[in-house]
Amino acid sequence: MTSLLVIIVVVLLAVALWQLTKIFDLTQVGASSDDSQVASDNDNNIQGYIMFGFLAFIYIFTIYGLLKWGNLALHTPASEHGLLVDNLMNITWVLIFTVQVITQGLLYWFSFKNRGHKDRKALFFADSNKLEAIWSIIPSVVLACLILYGLYAWNNIMFVDKDEDVVEIELYAQQFKWTARYAGQDNVLGKANVRLIEGINTLGVDMSDPNAQDDIVVTELHIPKGKKVHFKMRSQDVLHSAYFPHFRAQMNCVPGMVTEFAFVPTYTTSEYRELPFMVEKVAHINKLRAEKSIDLVAKGGTALDPYTFDYLLLCNKICGASHYNMQMKVVVDTPEDYKKWLSEKTTLAQDIKAAAAAEKPAEGAAPTDTTAKVIDTVKTVVDTVKAAVAKVAMK
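Here's what I pulled together on the structure shown here. Keep in mind that what you see is a predicted model, and the values were worked out from it rather than measured. (Residues numbered from 1 in each chain as written. Predicted model: local features only at pLDDT ≥ 70, side-chain atom pairs only at ≥ 80, totals over all residues. Heavy atoms only, no water.)

1. A word on the overall build of the protein
Looking only at helices and strands, the protein features nine helices and 10 strands. For the protein, with 395 residues in total, the buried portion stands at 25%. The long-range share in the protein, meaning contacts at least 24 apart out of those at least 6 apart in sequence, stands at 71%. (Helix = DSSP H or I, 4+ residues; strand = E, 2+ residues; numbered from the N terminus. Buried < 20%, exposed > 50% of the residue type's maximum accessible area, 1.4 Å probe, protein only. Contact = heavy atoms within 4.5 Å.)

2. As for the side chain of Glu170
With respect to the helices, strands and loops of the structure, Glu170 is situated in strand β1 (residues 167–174). A polar contact of 2.6 Å, which involves the side chain of Glu170, links it to the side chain of Arg234. (Polar contact = N/O pair within 3.5 Å; in protein donor to acceptor, adjacent residues only side chain to side chain.)

3. Observations regarding the packing of aromatic side chains
According to the stated counting rule, one finds 23 aromatic pairs in the structure shown. Three or more aromatic residues link up through ring pairs in this structure, and these residues are Phe231, Phe244, Phe247, Phe263, Tyr267, Tyr272, Phe277, Phe309 and Tyr311. In this structure, Arg115 is placed above the aromatic ring of Phe112, and the distance from its NZ or CZ to the ring centre is 4.2 Å. (Phe/Tyr/Trp six-rings, centres within 6.5 Å; stacked < 30°, edge-to-face > 60°. Lys NZ or Arg CZ within 6 Å of the ring centre and 35° of its normal.)

4. Description of the sheet that holds strand β3 (residues 216–218)
Pairing is mixed across the open sheet formed by five strands, whose spatial order is β3-β2-β1-β5-β8. The sheet terminates laterally at β3 and β8 (259–263), the two strands that pair on one side only. Across the sheet, the mean angle from the axis of one strand to that of its neighbour is 25 degrees, orientation sign disregarded. Examined bridge by bridge, β1 and strand β2 (residues 177–182) share six bridges and lie antiparallel to one another. Paired with Tyr172 across the strands is Thr179, a residue of β2. (Pairing = 2+ DSSP bridges. Axes fitted to C-alpha atoms, helices over the stretch in contact; angles between N-to-C directions.)

5. Here's the deal with the pattern of salt bridges
In the structure shown here, the tally under the stated rule is eight salt bridges. Here Lys227 makes a salt bridge to Asp165, at a shortest N to O gap of 3.2 Å. Within this pair, whereas Lys227 is found in the loop between β4 (221–224) and β5 (229–235), its partner Asp165 is found in the loop between α4 (129–158) and β1, the two being separated by 62 residues in sequence. Taking the relative accessible area as the measure of exposure, Asp165 reaches 55% and is therefore exposed. (Salt bridge = Lys/Arg side-chain N within 4 Å of Asp/Glu carboxyl O.)

6. Examining α4
If you check α4, its first and last C-alpha atoms are 42 Å apart, about what 30 residues at 1.5 Å a residue would give, namely 44 Å. Listed in full, the buried residues belonging to α4 are Gly150, Ala153 and Ile157. On its buried face, α4 is in contact with α3 (82–113) and β8. (Expected span 1.5 Å × (residues − 1).)

7. Considering the state of the cysteines
The final tally for this structure, using the stated rule, is zero disulfides. The structure places no disulfide on Cys253, whose sulfur is separated from the nearest cysteine sulfur, that of Cys315, by 7.5 Å. (Disulfide = S-S within 2.5 Å.)

8. With respect to a nonpolar patch on the surface
A cluster of nonpolar side chains, namely Ile91, Leu95, Leu123, Phe125, Leu131, Ile134, Trp135, Ile138 and Val142, defines an oily patch on the protein surface of about 860 Å² accessible area. Every element with two or more residues in the nonpolar patch is listed here: α3 and α4. Per-element accounting of the nonpolar patch gives the leading share, five residues, to α4. Along the chain, Leu131 falls in helix α4. (Patch = residues over 30% accessible without salt bridge, like charges linked within 9 Å, V, L, I, M, F, W, Y side chains within 5 Å. Areas by Shrake-Rupley, 256 points an atom, 1.4 Å probe, with all protein chains shown as cover.)

9. A word on the sheet that holds strand β9 (residues 311–315)
The sheet built from five strands is open, its strands ordered β4-β10-β9-β6-β7 with mixed pairing. Because the sheet does not close on itself, it has two edges, and the strands there are β4 and β7 (249–253). The sheet shows a mean angle of 25 degrees between the axes of neighbouring strands, direction not considered. Sheet topology places strand β6 (residues 240–244) next to β9; two bridges connect them, and they run antiparallel.

10. What about the pairing of β8?
By the criterion of burial, β8 is predominantly enclosed, with four of the five residues buried. As paired strands, β5 and β8 are joined by five bridges and run antiparallel to one another. Bridge pairing in β8 places Phe231 opposite Phe261.

Written out as structure tokens, the structure is:
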């Protein structure tokens, strides 16, 4: 509602300004004016100063934005390759800001310096090989260096040695949730296919595959600190994107194919919570939530719970109406805590057997009301059929 009122006010102000200009034009009727449609020296001077004003606005707003919102950017990376990604990003930012400051300054300065004047004639030349070489070679060299550095970083991040000791985990995406599957003791994921989805086997794991017998399916992701985690990703329905912001990792999840990504966590969840910047950030968020809670309680609502930091797996593709809520909690444990947590989980094979056993009544157990009614009905039908057969035999 507030946004609508703001839009209405802006529109009304625009209409009012337009009417004022019409009134001003009417007051100039009969006065001497220059209708030649040719800019005068005064017009050119005004345009030149306006361009300088716009240049100042660009620089001031850029500096203000950095000071105001710069702290909202991601801080310390929680993976080994995160430093490499941040370094590449920072180099790119420095280059962009440097080029922006220089080119915008030159653009507006030359526009002002060479503004129109009645005694000045513009110099025309068809081309300049020197200028063409300068503004073609320099950007090409800079971009080539950035691309080569990016390829170097990408190869280092994506390389997983076949003989390397890694934790194999599958991330399964579907509207609008994530599910994780651990490879178990053999560290080999069983085969899976969406055509095999049935009952609690929501990932379509092929239970005839020996490698699938120790697979573990969970809805909260736990990974060990200091050990490379190799993720294999699938999607059940539409295009999703597995995004670990604090680990500087992202990979699309494409229906019909398996994509991969790997990283080594460097901070446990509890360690990351204790970093000074995170302590300050959480305190600031909880201060805002406390202020909001006062208003909510005053209106009869429920106070907001205090915020506690957790790593998150997000979907970074607009995959539907509840895309914003598609996330999974990620916990980085010490290797000991991770092994303990994993050992307490049951395998998918055990879960399927338990579900199948739950569907069958236990031997010797008293029948339920529904079962008793069915048994009585069957007995009645059998007795009726027997009586009918006996009558036919007597005849």
